[in-house]
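Architecture at a glance
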Amino acid sequence: MSAQAQMRAMLDQLMGTSRDGDTTRQRIKFSDDRVCKSHLLNCCPHDVLSGTRMDLGECLKVHDLALRADYEIASKEQDFFFELDAMDHLQSFIADCDRRTEVAKKRLAETQEEISAEVAAKAERVHELNEEIGKLLAKVEQLGAEGNVEESQKVMDEVEKARAKKREAEEVYRNSMPASSFQQQKLRVCEVCSAYLGLHDNDRRLADHFGGKLHLGFIEIREKLEELKRVVAEKQEKRNLERLKRREEREREEREKLRRSRSHSKNPKRSRSREHRRHRSRSVSRERKRRTRSKSREKRHRHRSRSSSRSRSRSHQRSRHSSRDRSRERSKRSRCY
């Protein structure tokens, strides 16, 4: 990968698809089914075993560091439960590897010279010490690369002890079988990565295997699978508890409604009495309103009656005065004549 490509990958991993406004890349979201969920969780076997003897090639699903960055940002606010998809993916991959390991064991059992159970146990002890020495040497190299010289020297002391145990185990194994059979290379299948290991492999070969990318990659995948199983189990338990809590709340509400309905049905008199009181209250209220309106109408009627009486009285008085005036006028005229 060129320096420019590495820089672009680093920016994608940090900033996501929104980094440069590339609309082509933004057409697909991290939640799309075409996106590899194992890649989003940084555990896809196609990435982990890339460049090893068991390189799986390109994954059939989309791998994009920018989408992983988008997922890491979004997962802080929402749980997408992609661990279940990744767990199923890794389980399928590890199950397939374990099947190949069993097939390789059967093939070795058929091709190698059959030995007794006692001799086989002694050979197994040599293999176990080989594995221990290989892991310790790989750790020594790692500590040396990190500059931790003192810790590296302590591990080398453990390597020397394991080598002494191995020489003793090889001596016991050699004395238990003919010299011609001992010289034959006894192979064993690695339980982690399915690679073949020899009984007489030297330290360099053991260190290369147990410190190699293939073996460490399988360890990483298997450890990630166990972690995903734990996370999925915890999340499923949490969801089940929440579902159970919601169900209990619904059942409690239903029981409360049923209790109320039964309470009404057991006390019909109380219900009728309550209804009767409500009816009486409404009737009294209506009667008061009716009386108030009646009083208002009577008051207005009396007021109009008084006004009419006063008007008629004034009119009568005016007519009387007018009659008197006319009578006086006529009497004056008669006197003059």
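The numbers attached to residues start from 1 for each chain and follow its sequence in the written order. pLDDT decides what is reported in this predicted model: residues at 70 or higher carry local features, side-chain atom pairs at 80 or more are listed and counted, and totals for whole chains, interfaces and linings draw on all residues regardless. Neither water nor hydrogens contribute to the side-chain values; these are computed over all heavy atoms in the structure.

Looking at an unreviewed UniProt entry, one finds the chain named RNA-binding protein Luc7-like 2 isoform X4 and attributed to Trichechus manatus latirostris. UniProt positions are given in the numbering used here, feature names are shortened, and annotations may be inferred rather than shown by experiment. According to its UniProt record, the chain has this under Sequence similarities (unreviewed entry): "Belongs to the Luc7 family."

Looking now at a positive patch on the surface. Where like charges cluster on the molecular surface, the positive patch consists of R239, R243, R246, R247 and R250. Looking at the secondary structure, you find R247 in helix 10 (residues 213–266). Exposure above 30% relative accessible area and no salt bridge define the residues that can form patches, which grow by joining like charges within 9 Å and nonpolar side chains of Val, Leu, Ile, Met, Phe, Trp and Tyr within 5 Å. Throughout, the Shrake-Rupley method with a 1.4 Å probe supplies accessible areas, and for residues the shown protein chains are the sole cover considered. Salt bridges are defined as contacts in which a side-chain nitrogen from Lys or Arg sits within 4 Å of a carboxyl oxygen from Asp or Glu. Charged-residue counts in this description rest on Lys and Arg as positive and Asp and Glu as negative, His and the chain ends being excluded. Each charge is placed at NZ for Lys, CZ for Arg, CG for Asp and CD for Glu. Only runs of H or I of at least four residues qualify as helices and only runs of E of at least two qualify as strands under DSSP, and these elements are numbered from the N terminus.

With that out of the way, let us pick up the nonpolar core. By nonpolar core is meant a set of buried Ala, Val, Leu, Ile, Met, Phe, Trp, Tyr and Cys residues that side-chain atoms within 4.5 Å join together. Note on classification: 1.4 Å probe, protein chains only; a residue is buried when its accessible area is under 20% of the maximum for its type, exposed when over 50%, partly exposed between these limits. Grouped together as the largest cluster of nonpolar side chains are 32 residues, with contacts concentrated most on L40, L49, F93, F218, I221 and L228. Among the elements of the structure, helix 4 (65–74), helix 5 (83–111), helix 9 (203–210) and helix 10 are those that each provide at least two residues to this core. Two residues form a contact once any of their heavy atoms are found within 4.5 Å. Here F93 is in contact with P45, L49, L56, F218 and I221, once residues within four sequence places are set aside. Listed in part, the 9 residues of the second largest apolar core include L137, V159, A162 and A207.

Right, let's get into the packing of aromatic side chains. To describe a pair of aromatic rings, you give the distance between the ring centres and the angle between the ring planes. Stacked, edge-to-face and tilted are the three classes for Phe, Tyr and Trp ring pairs, Trp counted by its six-membered ring, which pair at centre distances within 6.5 Å; planes under 30 degrees apart are stacked, over 60 edge-to-face, the rest tilted. Scanning the entire structure with this criterion turns up 7 aromatic pairs. Ring centres 6.2 Å apart and planes at 55 degrees place the aromatic pair Y71 and F80 in the tilted group. Here F80 and F82 contribute two aromatic rings whose centre-to-centre distance is 5.6 Å and whose plane-to-plane angle is 25 degrees, an arrangement assigned as stacked. For F80, a relative accessible area of 23% translates into the label partly exposed. Among the aromatic side chains, those forming a connected cluster through ring pairs are F30, Y71, F80 and F82. Any Lys NZ or Arg CZ found within 6 Å of a ring centre and within 35 degrees of that ring's normal is scored as a charge over the ring. In this structure, K37 packs its charged tip against the face of F82, placed 5.2 Å from the ring centre. Above the face of the F81 ring, R239 is positioned so that its terminal group lies 4.3 Å from the ring centre.

Expected helix span is taken as 1.5 Å per residue step, with the number of steps being one fewer than the number of residues. Its 29 residues place the ends of helix 5 42 Å apart at the C-alpha level, agreeing with the 42 Å of an ideal helix rising 1.5 Å per residue. Buried within helix 5 are the following residues: E83, A86, M87, L90, F93, I94, C97, T101, A104 and L108.

With respect to the helices and strands, the residue H46 is situated in helix 3 (residues 45–48). When its relative accessible area of 19% is taken as the criterion, H46 is described as buried. One polar contact links the side chain of H46 to the main-chain carbonyl oxygen of G57, over a distance of 3.1 Å. Residues adjacent in sequence count toward polar contacts only when both atoms are side-chain atoms; beyond that, a polar contact is any pair of N or O atoms within 3.5 Å, and within protein one must be able to donate a hydrogen and the other to accept it.

A few words on the environment of S50. Mapped onto the secondary structure, S50 falls in the loop between helix 3 and helix 4. Judged by relative accessible area, which is 33%, S50 ranks as partly exposed. When the C-alpha positions of S50 and K213 are compared, they lie 9.0 Å apart, and in sequence the two are 163 residues distant. Excluding residues within four positions of it along the chain, S50 makes contact with P45, D55 and K213.

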